[in-house]
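Residues per chain, in single letters:
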Amino acid sequence: MAGGTERSMKALKEVWRRAENSLCADCGKPDPDWASSTLGVFICLSCSGIHRNIPSISKVKSLKMDHWDDAQVQFLAKHGNAVTKATYEAHIPIYYYQPTYNDCQVLREQWIRAKYERKEFTEPGKQLPYSDGVKEGILWKRGRDNGQFLPRKFLLSEREGCLKYFTKQDAKEPKINVKIDVINATFQPVKIGNPNGLQITYLKDNKTRNIFVYHDSGKEVVDWFNAIRSVQFHYLKVAFPIASDNEIKNRLTRNFLKEGYMEKTGPKQREAFKKRWFTLDHRRLMYFKDPLDAFAKGEVFVGSRENGYSVQKGLPSGTQGNFSWHYGLTIVTPDREYLFTCETETDQLDWIAAFTSVINQAMTPQEYASKCLDAISF
């Protein structure tokens, strides 16, 4: 008996060490130490918890702590991540967002359920709830002024190339009508205070407008997210016919590079520093009095190093404004310096890394055109 167990463990480790099984099959996290004995995939602890919620599809066990019999090990050896992915991820639409271990729970859960439970990607040309080019339904939207979440009808149309929402279900005219190419969507469960919270942003008069929504159904809100990406993809395919699919995919919805509180001072650099919420959306640095504000109090353009932009640790000597946080950083632009302080050194270094990643990238012609945003009410 002991010899059989030892043999099974040795065989298990051999399968586990295969290169294809070195990353979680669902989120890509390195060194997964769990596996599904019914699907044959190697997964991380976090994804194993999601699998555990669909026991009719997946039975999960620890590779380190649980016993694996010969038949289960042979099943893993026969399958593994590569073979299983070839079945369950055979026909993923190019626009579908495949989450990583850095993404929120609802995205990862619906990705796993879409693959194994609903089998959305096993057949070519399968009709999917986010691929019709039109989506209509109710989302709970936060009021711009009162902060209350109320049900609102939303309509997404590929034919019209826009997203609309209506304050009343029977309203004939929308409250907003936004072109699909200026929309971004990113999940914000912590900021919104709901596990299915989604932030939709768009440009209005060259300023960023935020809309915060959620749906009680995780599947429904992720379907909305991927429907937006689907409509954007097909719109951009027409607008940029020579661009490759991957080039267009990279222009779809994006996560913010960094968000959080910093203190800032005004242009004279003698005013008291004030705590504000900051969002770095690629080259747009925005600040808000409250994280859920509809509009930013100010925006500044962050250009490239070759155009005179840089980020420096600390504040200029002789800075006069009063500040309560002592981990400073300075954004240098061709026109002026912007001074900030962070609460911790970790925050300071994270912000510097985020700004550096942007500044080190060459600017595109479109970004040159948007440079007029530099120093709006900052």
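- By the naming in an unreviewed UniProt entry, the protein goes by ADAP1 protein and is assigned to Syrrhaptes paradoxus.
- According to its UniProt record, the protein has this under Subcellular location (unreviewed entry): "Cytoplasm".

## Considerations on helix α3 (residues 70-78)
- Structurally, the start of α3 carries an N-cap: the backbone nitrogen of Ala-71 is 3.2 Å from a side-chain oxygen of Asp-69.
- Backbone geometry just after α3 places Gly-80 at a positive phi near 80°.

## A short note on the pattern of salt bridges
- By the definition in use, this model includes 18 salt bridges.
- The closest approach of N and O atoms between Asp-26 and Lys-115, which form a salt bridge, is 2.6 Å. In this pair, Asp-26 sits in the loop between α1 (2-16) and β1 (34-36) while Lys-115 sits in helix α5 (residues 105-117), placing the two residues 89 residues apart along the sequence. Lys-115 matches Asp-26 in its accessibility class, with the two residues each being buried.

## Re the UniProt feature "domain: PH" (unreviewed entry) in the protein
- When the UniProt feature table is mapped onto this chain numbering, "domain: PH" (unreviewed entry) sits at residues 132-233 and 255-360.
- Annotation note: span residues 132-233, helix share 20%, strand share 46%, distance between end C-alpha atoms 13 Å.
- Taken end to end, residues 255-360 has its terminal C-alpha atoms 19 Å apart, with 14% of it in helix and 38% in strand.

## What to know about the side chain of Thr-253
- With respect to the helices, strands and loops of the structure, Thr-253 is situated in the loop between α8 (245-249) and β11 (258-264).
- Take Thr-253: its relative accessible area is 10%, and that puts it in the buried class.
- Reaching out from Thr-253, the side chain makes a polar contact with the side chain of Arg-229 at a distance of 2.6 Å.

## Some thoughts on the pairing of strand β9 (residues 198-204)
- Counting buried residues in β9 gives five out of seven residues, a clear majority hidden from the surface.
- As paired elements, strand β8 (residues 183-187) and β9 share five bridges and run antiparallel to each other. Note on β9: the bridge partner recorded for Ala-185 is Ile-200.
- Sheet topology places β9 next to strand β10 (residues 207-214); seven bridges connect them, and they run antiparallel. Paired with Thr-201 across the bridge in β10 is Asn-210.

## A word on the sheet that holds strand β7 (residues 176-179)
- The strand order across the open sheet built from seven strands is β7-β6-β5-β4-β10-β9-β8, with neighbouring strands paired in antiparallel fashion. Each having just a single partner strand, β7 and β8 make up the two edges of the open sheet. Sheet twist, expressed as the mean angle between neighbouring strand axes with direction ignored, is 35°.

## Comments concerning the packing of helix α2 (residues 45-52) against α5
- Between α2 and α5, the shortest axis-to-axis distance is 10 Å and the interhelical angle comes to 55°. Judged by the angle between their axes, α2 and α5 are oblique. As for the relative orientation of α2 and α5, their crossing is right-handed in sense. Where α2 approaches α5, its residues Ser-46, Cys-47, Ile-50 and His-51 are matched on the opposing element by Gln-105, Arg-108, Glu-109, Ile-112 and Tyr-116.

## Some thoughts on the pairing of strand β4 (residues 134-142)
- Sheet topology places β4 next to strand β5 (residues 149-157); nine bridges connect them, and they run antiparallel. Bridge pairing links Gly-137 to Phe-154 in β5.
- The pairing of β4 with β10 spans two bridges and is antiparallel. Looking across to β10, one finds that Trp-140 is bridged to Tyr-214.

## Side note on the UniProt feature "domain: Arf-GAP" (unreviewed entry) in the protein
- Look at the UniProt record and you will see "domain: Arf-GAP" (unreviewed entry) annotated at residues 6-129.
- Here residues 6-129 runs as 40% helix and 6% strand, with 48 Å between its end C-alpha atoms.

## Quick word on the domain arrangement of the protein
- Domain annotation of the protein identifies domain 1 (1-117), domain 2 (134-250) and domain 3 (258-376).
- If you average the C-alpha positions of domain 1 and of domain 3, the two centres end up 42 Å apart.

## Regarding the environment of Glu-343
- Structurally, Glu-343 can be placed in the loop between β17 (337-342) and α9 (345-359).
- Beyond its immediate sequence surroundings of up to four residues, Glu-343 is in contact with Trp-325 and Tyr-327.

## A look at the sheet that holds strand β3 (residues 60-62)
- The three strands lie next to each other as β2-β1-β3, forming an open sheet whose pairing is antiparallel. Only two strands of the sheet have a single partner each, and these edge strands are β2 (42-43) and β3.

## Description of α2
- All of the buried residues along α2 are Cys-47, Ser-48, Ile-50 and His-51. Mapping the buried residues of α2 onto a view down its axis gives an arc of 155°, with all of them on the same face.
- Contact partners of the buried residues in α2: β1, β2, β3 and α5.

Cut-off values and rules
- Residues numbered from 1 in each chain as written.
- Predicted model: local features only at pLDDT ≥ 70, side-chain atom pairs only at ≥ 80, totals over all residues.
- Heavy atoms only, no water.
- UniProt positions renumbered as here; feature names shortened; annotations may be inferred.
- Polar contact = N/O pair within 3.5 Å; in protein donor to acceptor, adjacent residues only side chain to side chain.
- Helix = DSSP H or I, 4+ residues; strand = E, 2+ residues; numbered from the N terminus.
- Salt bridge = Lys/Arg side-chain N within 4 Å of Asp/Glu carboxyl O.
- Buried < 20%, exposed > 50% of the residue type's maximum accessible area, 1.4 Å probe, protein only.
- Pairing = 2+ DSSP bridges.
- Axes fitted to C-alpha atoms, helices over the stretch in contact; angles between N-to-C directions.
- Parallel < 35°, antiparallel > 145°, perpendicular 65-115°, else oblique.
- Left-handed = near helix turned anticlockwise from the far one by under 90°.
- Contact = heavy atoms within 4.5 Å.
- Domains from an automatic or database assignment.
- Arc of directions from axis to C-beta.

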